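Letter by letter, the chains look like this.
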Amino acid sequence: MDRETLIGLLEVFVTQGLPLENFLRDVKIRHEYFSIIDVDPKVNKTELKQKLADKHCMGYKNIEQIVYARNKRKG
């Protein structure tokens, strides 16, 4: 399942009252982060994470934890 489909499904679940707001936010942040990197692999990843932190009113470290959450689970 691609990221956009997953986001769409999660949005439907959230509108139906399921408590998935944080999970949806995290998926959207990962989608935005990796979509930008896919388009421009040379983008400054530190600046990108800081922009996402500012956009979502979160700390830089929170964005790092969200972006790299998958890697922690696999390891």
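Only a predicted model underlies this, so the values are computations on that prediction, with no experimental measurement involved.

Participant: What am I meant to see in helix 1 (residues 3-15) here?
Facilitator: Each α-helix turn comprises 3.6 residues. Residues three or four places apart therefore point the same way. Taking 1.5 Å of rise per residue, the 13 residues of helix 1 would be expected to cover 18 Å, and the 18 Å separating its terminal C-alpha atoms lies within 8% of that figure. For helix 1, the set of buried residues is Ile7, Leu10 and Val14. Relative to the axis of helix 1, the buried residues are bounded by an arc of 65° and lie together on one face. Positive backbone phi, at 100°, marks Gly17, one or two positions downstream of helix 1.

Participant: Could you clarify how one ought to interpret a nonpolar patch on the surface in this entry?
Facilitator: A cluster of nonpolar residues, Met1, Leu9, Val12, Phe13 and Leu18, forms a patch on the protein surface that exposes about 490 Å² of accessible area. Note that Val12 resides in helix 1. Relative accessible area serves as the criterion here: at 46%, Val12 is assigned to the partly exposed category.

Participant: Even after reading the chapter, I still don't get the packing of helix 2 (residues 21-39) against helix 4 (residues 60-67), so can you show me in this structure?
Facilitator: A pair of packed helices is characterised by two quantities: the angle between their axes and the separation of those axes. For the pair helix 2 and helix 4, interaxial distance at closest approach is 9 Å and the crossing angle is 85°. The orientation of helix 2 relative to helix 4 falls into the category roughly perpendicular. Two secondary-structure elements touch here, helix 2 through Arg25, Asp26, Ile29, Arg30, Tyr33 and Phe34 and helix 4 through Ile63, Ile66 and Val67. Partitioned by chemical class, the residues of the contact of helix 2 with helix 4 number six nonpolar, no polar and three charged.

Participant: Looking at this structure, how should I read the nonpolar core?
Facilitator: Nonpolar side chains tend toward joint burial in soluble globular proteins. One finds Ile29, Tyr33, Ile37, Leu48, Leu52, Ala53, Met58, Ile63, Ile66 and Val67 forming the largest nonpolar core, which totals 10 residues. Every element with two or more residues in this core is listed here: helix 2, helix 3 (45-55) and helix 4. Ile7, Leu10, Leu24 and Val27 belong to the second-largest nonpolar core, a separate cluster that totals five residues.

Participant: How should I be thinking about the environment of Leu48 in this particular structure?
Facilitator: Counting through the fold element by element, Leu48 comes out in helix 3. Since its relative accessible area comes to 7%, Leu48 is described here as buried. For the pair Leu48 and Tyr33, spaced 15 residues apart in the sequence, the C-alpha separation amounts to 7.3 Å. If we skip the residues at most four places from it in the chain, Leu48 touches Tyr33, Ile36, Ile37 and Val43.

The rules behind the values
- Residues numbered from 1 in each chain as written.
- Predicted model: local features only at pLDDT ≥ 70, side-chain atom pairs only at ≥ 80, totals over all residues.
- Heavy atoms only, no water.
- Helix = DSSP H or I, 4+ residues; strand = E, 2+ residues; numbered from the N terminus.
- Expected span 1.5 Å × (residues − 1).
- Buried < 20%, exposed > 50% of the residue type's maximum accessible area, 1.4 Å probe, protein only.
- Arc of directions from axis to C-beta.
- Patch = residues over 30% accessible without salt bridge, like charges linked within 9 Å, V, L, I, M, F, W, Y side chains within 5 Å.
- Areas by Shrake-Rupley, 256 points an atom, 1.4 Å probe, with all protein chains shown as cover.
- Salt bridge = Lys/Arg side-chain N within 4 Å of Asp/Glu carboxyl O.
- Axes fitted to C-alpha atoms, helices over the stretch in contact; angles between N-to-C directions.
- Parallel < 35°, antiparallel > 145°, perpendicular 65-115°, else oblique.
- Contact = heavy atoms within 4.5 Å.
- Nonpolar A, V, L, I, M, F, W, Y, C, P; charged D, E, K, R; others polar.
- Core = buried A, V, L, I, M, F, W, Y, C linked by side-chain atoms within 4.5 Å.

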